[in-house]
Amino acid sequence: MIRHVLFDLDDTLCDFAGARRRGLTAAFAPLEPTAAEAALRLWGEVEPGLYRYFSRRVLSRDGYRRLRFAAVLSAVRGTHAGAVPEPYDLDNAAGAMNHAFMTEVNDRVKPVPGAVQCLRALAEQGVGCHVLTNGPLDGQQRKLTVTGLRDLVDRVYVSEELGVAKPDPEVFRRALADLGVPADQVLMVGDSLKYDVAPARAAGLPALWYAPEHPAGEGGVVRDLTEVPDAAALL
């Protein structure tokens, strides 16, 4: 019997992908169009590595946030002469871009369709709802607040605070220890096979893959979060 459900946050309970697209568009808006396109490509190359350094505590939270834009901006300025408005100051420019980005991803992010209904239905069934997410603590908490989801979940586990991140199964073991229940009574729901489903199962938890674009009918997959309460009741 499932007594608790752990939800991933980004692109499971909230539309992070959409907010990120808007945030990067806003961040690179001061650049000329060709430079902005180059910046978007570079972001995809640079940001994941810097995030790994942050998750391993090699970079501070503020250092990670500044450097992800400073690195991209430096590269763009070197290849697109005149693309960056003058007078130019790397720290100020990177800070302004980061502010524009975070305004979208943290302050204007929206819940995924069905998220609120899902959480309310589980609560009516007496199932505890919690969040287990990677990312900076302040940003993840802000997303939960502005989306209104914080009032619908009980405990929030964030990798920065835990000191370990998905896909390490230890993340799930720490959540289990805090909840004080056996692994088979806690369901994980997330959009990533690599970061959510596989490591949860490795830690002994049942897991559902939230995959809106996946063909219907496959076991262990939900295409809409409103399917989760019924799926959990069958486990």
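Structure report, in brief. Because the structure is a prediction, the values reported are computed rather than measured.

This paragraph deals with helix 9 (residues 193-202). Where helix 9 is concerned, the buried positions are Asp196, Val197, Pro199 and Ala200. Check the buried side of helix 9 and you find it contacts helix 8 (170-179), strand 4 (186-190) and strand 5 (207-210). Two or three places before Lys194, at the start of helix 9, stands the capping residue Ser192, its side-chain oxygen 3.3 Å from that residue's backbone nitrogen. Among the residues trailing helix 9, Gly204 stands out with phi positive, at a value near 95 degrees.

It is the contact of helix 4 (residues 90-107) with helix 6 (residues 137-147), at a shortest axis distance of 8 Å, that shows an interaxial angle of 55 degrees. It follows that helix 4 is oblique to helix 6 by the angle criterion. For the pair formed by helix 4 and helix 6, the contact residues are Val105, Asn106 and Asp107 on the first element and Gly139, Arg142, Lys143 and Val146 on the second. For the contact of helix 4 with helix 6, the residue count by class is 2 nonpolar, 2 polar and 3 charged.

This brings us to the pairing of strand 5. Every second residue of strand 5 is oriented toward a common face, with Ala207 and Trp209 on one face and Leu208 and Tyr210 on the other, all of them buried. Direction of pairing for strand 4 relative to strand 5: parallel, over a ladder of 3 bridges. Directly across from Met188, in strand 5, lies its bridge partner Ala207. For the segment spanning strand 4, helix 9 and strand 5, crossover handedness is right-handed. The pairing of strand 5 with strand 6 (residues 221-222) spans 2 bridges and is parallel. By the bridge assignment for strand 6, Trp209 is matched with Val221.

Cut-off values and rules
Residues numbered from 1 in each chain as written. Predicted model: local features only at pLDDT ≥ 70, side-chain atom pairs only at ≥ 80, totals over all residues. Heavy atoms only, no water. Buried < 20%, exposed > 50% of the residue type's maximum accessible area, 1.4 Å probe, protein only. Helix = DSSP H or I, 4+ residues; strand = E, 2+ residues; numbered from the N terminus. Contact = heavy atoms within 4.5 Å. Polar contact = N/O pair within 3.5 Å; in protein donor to acceptor, adjacent residues only side chain to side chain. Axes fitted to C-alpha atoms, helices over the stretch in contact; angles between N-to-C directions. Parallel < 35°, antiparallel > 145°, perpendicular 65-115°, else oblique. Nonpolar A, V, L, I, M, F, W, Y, C, P; charged D, E, K, R; others polar. Pairing = 2+ DSSP bridges. Right-handed = clockwise from strand over helix to strand, strands pointing away.

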